Structure formats: C-alpha cells, structure tokens
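# Understanding the architecture of this molecule
So the chains spell out like this:
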Amino acid sequence: MGGKTVKRNWLLGLIACLIIITSLLIGSQRGDLGGADDKAQDVISEVAPDYKPYFNSIFEPPSGEIESLIFALQSAGGAFIIGYVLGRKKNDKRDNLVFKEQQS
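Just so we're clear, the structure is a prediction, and the values are computed from it rather than from any experiment.

What follows is about the overall build of the chain. Of the regular secondary structure elements, the chain holds four helices and zero strands. Across the 104 residues that make up the chain, the buried fraction comes to 2%. On the chain, roughly 10200 Å² of surface is accessible, and the fraction owed to carbon and sulfur atoms is 64%.

Okay, structure coming up:
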C-alpha cells in the first residue's frame, strides 16, 4: 500500500472515532434512550385510551439491555449477510476483470 492510502485510512478511522465519541457524548447528556415504539405507545394511549392491540408479543425480553443485545445481534447478522452477498458479487469470476486478465 502506498503512503497516501495509509494516511487516508488513518484519517477515515479518526473521523469515525470522532463521530462515535460525539454521538455518545450527545446521547449521554439527554439520557433518554427510549425508542420509537415507546413514544408511539404513549401517543396512542393519549389519543385512544381504550385501544387494545391486535396481537401480543411472542417473546418479551426480561430487560432493556437484553432487548438491545438482541437488536444488536440482529443488525450484526444482517450486516454480515449483506457484506457476504456484496463480497460474492464483487469477486464473481464472470465479472472480475483481474481474474479475466490472469486467465488470458
């Protein structure tokens, strides 16, 4: 790798770290970690106090931390699948120019 690429990678890593740290600082000041589901539930209970949901949850996590863990695992699994599919597409031998040059 050339020097420009290494510098660019370090710069992108530094920018990513700054964005993460800034978002953590902003989030910790508010302290409100409730999601859209909780806000929607509050609005529904204000608008229609007699509303009864059509369905109940199949699984109710024992705590908010477990719920966050399950959400993080689900998003990591989805990111893995998307990355795998994109990687397979990029390295497909039919469309890979480097592979075609090596075969010539």
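Still more to cover.
It is worth spelling out the packing of aromatic side chains at this point. Taken as a whole and assessed by the stated rule, the structure comprises two aromatic pairs. Here Y51 and Y54 contribute two aromatic rings whose centre-to-centre distance is 6.5 Å and whose plane-to-plane angle is 80°, an arrangement assigned as edge-to-face.

Glancing now at the environment of S23. The topology assignment puts S23 in helix α1 (residues 3–30). Reaching out from S23, the side chain makes a polar contact with the backbone oxygen of I20 at a distance of 2.8 Å.

Bringing the confidence of the model for the chain into the picture now. Mean pLDDT over the chain: 83, with 82% of residues reaching 70 or higher. Of all helices and strands in the chain, the one with the weakest mean pLDDT is helix α4 (residues 97–103) (66), whereas helix α3 (residues 64–90) scores best (91).

Residues D37, D38, D42, E46, E60 and E67 make up a contiguous surface patch of negative charge. In terms of residue count, helix α2 (residues 36–47) provides more of the negative patch than any other element does, four residues in total. Here E67 falls in the partly exposed class, since its relative accessible area comes to 46%.

Calculation rules
- Residues numbered from 1 in each chain as written.
- Predicted model: local features only at pLDDT ≥ 70, side-chain atom pairs only at ≥ 80, totals over all residues.
- Heavy atoms only, no water.
- Helix = DSSP H or I, 4+ residues; strand = E, 2+ residues; numbered from the N terminus.
- Buried < 20%, exposed > 50% of the residue type's maximum accessible area, 1.4 Å probe, protein only.
- Areas by Shrake-Rupley, 256 points an atom, 1.4 Å probe, with all protein chains shown as cover.
- Phe/Tyr/Trp six-rings, centres within 6.5 Å; stacked < 30°, edge-to-face > 60°.
- Polar contact = N/O pair within 3.5 Å; in protein donor to acceptor, adjacent residues only side chain to side chain.
- pLDDT = per-residue confidence, 0-100.
- Patch = residues over 30% accessible without salt bridge, like charges linked within 9 Å, V, L, I, M, F, W, Y side chains within 5 Å.
- Salt bridge = Lys/Arg side-chain N within 4 Å of Asp/Glu carboxyl O.
- Lys, Arg positive; Asp, Glu negative; His and termini not counted.
- Charge placed at Lys NZ, Arg CZ, Asp CG, Glu CD.

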